[in-house]
Amino acid sequence: MIKIKSKMSKYLLFIAVLLLAACQNRTTNDFIISKNSSNTTFYVSADSPELVKWAAKDLAEDLGEILDTKITIDYTDQIHLENKGIYIGKFDSKLIADLPENYNNQLKGEWEKFVVKKYGDNLFIVGSDIRGTVYGIFDVAERMGISPWKWWADVHPEKQESILLRLPENGIEESPSVQYRGIFLNDEDWGLQPWAAKTFEPETGDIGPKTYEKIFQLLLRLKANTIWPAMHPCTKAFFSIPGNRAMAEKYHISIGTSHAEPMLRNNVDEWSKEAYGDFNYFTNSEKVKEYWSERIAETKNGANIISMGMRGIHDSGMEGNATREEKVKLLEKIIGEQRQILLEYIDKPIEEIPQVLTLYKEVLDLYNAGLKVPDDVTLMWTDDNYGYIRRLSDQLEQQRKGGSGVYYHLSYWGRPHDYLWLSTTQPGLIWYEMTRAYQNGAKKIWIANVGDIKPAEYNMEFFLDLAWDINSISETTIKQHLLDWSSREFGPGNAGVIAGVLDEYYRLAFLRKPEYMGWSQTEPTTGTKMSEFSPEEAQRRLDAYTELVKKVEALKSSISKERRDAFFQLVEYPVKGAALMNQKFLFAQQSFLSNNKTEKEELANKVQKAYEEIGALTHEYNQTISDGKWQYMMSMKPRNLPVFSMPDFHLDATSPNEDVQNQQQPRRIPIFIQAKDYSQAGGEENYRWNVIEELGYSNESVTLFPFENHLFQEEKPYLEYSVPIEKPGAYQLEVCCLPTHSNNFDHKIWIEVNDAKKKEFSLNTRGRSREWKENVLRNFVPVTCPIEVEKTGKLTFRIFVNQPGIVIDQMAIYPENDRRHYEIVR
């Protein structure tokens, strides 16, 4: 069997209105279903689990809607291949076992694997287990143009005369790259929780079984199998709401809990100081163990992934005054006693009970200080909350029985600043960090913090596509993935423009997220101020967003009626919202700097208009689209941070102070260099320099492949650049790298200019230093190297790296003491 390796290949299996000529010239592996064809019956194994029957019914109903006909489902154990249609079942069901082909060797004992194959005029969808069979059904649905977001983003199926499913010669055979794949619902206070409580599930008044049913269905359509439920103080604990656990069991979704919720407990809702005392293991261990035991006893038969260890009641360190060494010893004791609780209530060997230790914030420090973790417990690495994974398994850790995984943020509440409003993580960054994690052994569990799910639809799907098949997207097909997604959601005619708009939307946000445009911070919260963009850069950014909005407006008339609400949710709201946030602050900046009273007032009015339009746009999201289905889902000011208000600096100031005026003076144009434009590259055997598209300010950052951790000793890989210098003098070379991390804080580069002695520079920061905060808010680490040019001509310099994991984006050569530009122009 052939395993499809790219999203691009998937979308060669497309919906088409078939012409007679196409029918005559089709390949023998085409499967065609139309309103009048004889293969409109689903034959589903009668002994199939209810979940398989539900998925088959769901696909049948969608095909019936597309073709405007009734798709019949026949639950049977009898195979009659003269009865044309789609045959569905597990490999060991009676119906499938009687097929001409034996799938036993391919599927027996496999985890979530499926096969899709044409036999004669029939289509077979066969799975190794329940979820594998369901994934096979939804894989076919997606290849037929049915969006996984049909409910969650209102991507309604469109009418077609016929559907063509074009299969590879030997069919499709797929299984997951990562065993547990899922999402964390988090910071739900301003979206998911009020929407569920007031709009979708008022009878529960919370995120209850009706909401979770829709979430679990979405996860299965995206080939995911795991959830960390919502857990903020505004939400009741998952297991405390009747029906939630039963719904997870119905949809075969594994339940885990976040880094701050050991043993399936939601501390912020369930820990009662009056009943249990202090949440302090130093002084109150028996009550804490009793609390944990209650939940494990209640859920002992569930398909759960147990979070181990202990932090504070919420997202904070463990309670109790103790040295680091004392906390390490106590945490080892806690994990040991938690495992005893698991053995007491769950009738399995301890190594067969899925357990995870999430090495987040101070827990990673304790691990690095020598914390010993049982070999069968999965080590779950985390990013730094801003998309850069803090640590990965070394070669010894990669041999652990429990393996490793990643908890990754696509949404975040915290310092130096939240990004809870729009989802703007650059797809290239997700690809790079998660592929790097996979190559260093993170194959057990991937969880993405997706906030409220909306508006993180595309980023969430991109993440889960990689988790399902790590080879489905490469460094050269990230754009193609976005194009294919746009084609599936809005048709091939609009796909190119939509993909281009979203590509630039992500790139502009990589320079500065909309939530960071006030140049403010939180924890502690500061007021907004002017940006670091020069007047020229500010205008260029305004022009770029204006062009995106024009394209969005021009597209709207070409979007079909069935997809207009989807277009608003997936494209129009995020693009316009980002544009308006930039306008609000950059027009304010221009107004503040202007000495012309009339111009100043006109710009101030534009600021007010942008602010009001964000409100109107959000009102449309909540009240108008989809007949009010998403009321209370979208907030224009999560946490009410200053960035969501009008700018703090005074638009009516008669003249800015001298420092501000100096900062905003026109700057001389330096020599700009993109990392991909190297003249020569050198590297150790088995390592090569490659461009990653959709990554960095340039959208074409450069790094070493493969990504496995390795420290180069003698010969170090390098990139060489040659640029003309027209005037002798003192200069500075600035190299902009992404703020990626190494296990030992030892990312280093060396710069060698015209064969002079190399100069060494360290890239990494520790903890939450001022430098780290600046780096993650602007997505680069600047390295500045002084250069003395004695004569005109070509300047040649090399950049050496000491290990993979260093990503070079852009460079510039400035006259000495010149102020840097925020963005190096492409």
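In case you missed it, the structure is sitting above this.
Residues numbered from 1 in each chain as written. Predicted model: local features only at pLDDT ≥ 70, side-chain atom pairs only at ≥ 80, totals over all residues. Heavy atoms only, no water.

For the protein, the helix and strand inventory stands at 23 helices and 27 strands. The C-alpha atoms of the protein give 28 Å as radius of gyration, which agrees with the globular expectation for 826 residues (28 Å, within 12%). Principal-axis analysis of the C-alpha atoms places the extent of the protein at approximately 85 × 75 × 60 Å. Relative to its full complement of 826 residues, the protein shows a buried share of 62%. Considering only contacts within the protein whose residues lie at least 6 apart along the sequence, 77% involve residues at least 24 apart. Only carbon and sulfur atoms are counted for the fraction: they give 46% of the accessible area of the protein, which is about 31500 Å². Computed over 98 positive and 119 negative side-chain charges, the separation of the two mean positions in the protein equals 0 Å. (Helix = DSSP H or I, 4+ residues; strand = E, 2+ residues; numbered from the N terminus. Rg over C-alpha atoms; globule rule 2.2 N^0.38 Å. Buried < 20%, exposed > 50% of the residue type's maximum accessible area, 1.4 Å probe, protein only. Contact = heavy atoms within 4.5 Å. Areas by Shrake-Rupley, 256 points an atom, 1.4 Å probe, with all protein chains shown as cover. Lys, Arg positive; Asp, Glu negative; His and termini not counted. Charge placed at Lys NZ, Arg CZ, Asp CG, Glu CD.)

Here the focus is the nonpolar core. Residues Trp152, Ile215 and Phe216 are the most contacted members of the largest nonpolar core, which totals 200 residues. Sorting elements by how many residues they give to this core places helix α20 (residues 564–593) first, with 17 residues. Discounting chain neighbours no more than four positions away, the residues touching Ile215 are Trp152, Ile183, Leu185, Leu192, Ile227 and Ile453. With 33 residues, the next largest nonpolar core counts Tyr687, Ile749, Val789 and Phe797 among its residues. (Core = buried A, V, L, I, M, F, W, Y, C linked by side-chain atoms within 4.5 Å.)

With 22 residues, helix α19 (residues 535–556) ought to run about 32 Å at 1.5 Å a step, and its terminal C-alpha atoms sit 32 Å apart, in line with that. Of the residues making up α19, those classed as buried are Glu537, Ala538, Arg541, Leu542, Ala544, Tyr545, Leu548, Val552 and Leu555. Summarising the axial view, the buried residues of α19 lie within an arc of 160°, below the 170-degree limit, and thus occupy one face. Away from the buried face of α19 by more than 90 degrees, exposed residues Lys550 and Ala554 are located. Looking at the packing, one finds that the buried side of α19 touches α18 (492–511) and α20. (Expected span 1.5 Å × (residues − 1). Arc of directions from axis to C-beta.)

Most of strand β14 (residues 378–382) is tucked away: five of the five residues are buried. Burial of the side chains of β14 extends over both faces: Thr378, Met380 and Thr382 are buried on one face and Leu379 and Trp381 on the other. Handedness of the crossover is the feature at issue here: the chain leaves strand β13 (residues 355–358), passes through helix α14 (residues 362–368), returns alongside β14, and the resulting connection is right-handed. The pairing of β14 with strand β15 (residues 404–409) spans four bridges and is parallel. Across the sheet, residue Thr382 finds its bridge partner in β15, namely Tyr407. (Right-handed = clockwise from strand over helix to strand, strands pointing away. Pairing = 2+ DSSP bridges.)

Moving on, we get to the packing of aromatic side chains. Tallied over the full model, the rule gives 62 aromatic pairs. Centroid distance Tyr458 to Phe462: 6.1 Å. Interplanar angle 55°. Geometry classified as tilted. Here Phe462 and Tyr458 lie together in helix α16 (residues 457–468), a separation of four residues that amounts to about one turn. Comparing Tyr458 with Phe462 shows no difference in burial state: the two are buried. By the ring-pair criterion, three or more aromatic residues cluster together here, those being Phe510, Trp519, Phe533, Tyr697, Phe780 and Tyr822. Cation over ring: Lys454 sits above Trp630, and NZ or CZ is 4.6 Å from the ring centre. (Phe/Tyr/Trp six-rings, centres within 6.5 Å; stacked < 30°, edge-to-face > 60°. Lys NZ or Arg CZ within 6 Å of the ring centre and 35° of its normal.)

So, about the sheet that holds strand β26 (residues 793–801). The antiparallel open sheet is built from five strands, whose spatial order is β18-β21-β26-β23-β24. With partners counted over all chains shown, the strands left at the sheet margins are β18 (680–682) and β24 (759–762), one partner each. If you compare each strand with its neighbour and ignore which way they point, the axes differ by 25° on average. Alignment of strand β23 (residues 748–753) against β26, held across five bridges, turns out to be antiparallel. By the bridge assignment, Trp750 is partnered in β26 with Phe800. (Axes fitted to C-alpha atoms, helices over the stretch in contact; angles between N-to-C directions.)

So, on to the environment of Glu760. With respect to the helices and strands, Glu760 occurs in strand β24. Considered as a pair, Glu760 and Ser487 are 273 residues apart in the sequence and their alpha carbons are 47 Å apart. Non-local contacts of Glu760, meaning those with residues more than four positions away in its chain, are made with Lys748, Ile749 and Trp750. Within the local environment of Glu760, its side chain forms a polar contact with the side chain of Lys748, the two groups lying 3.3 Å apart. Among the polar contacts listed, one links the side chain of Glu760 to the side chain of Trp750, at a separation of 3.3 Å. (Polar contact = N/O pair within 3.5 Å; in protein donor to acceptor, adjacent residues only side chain to side chain.)

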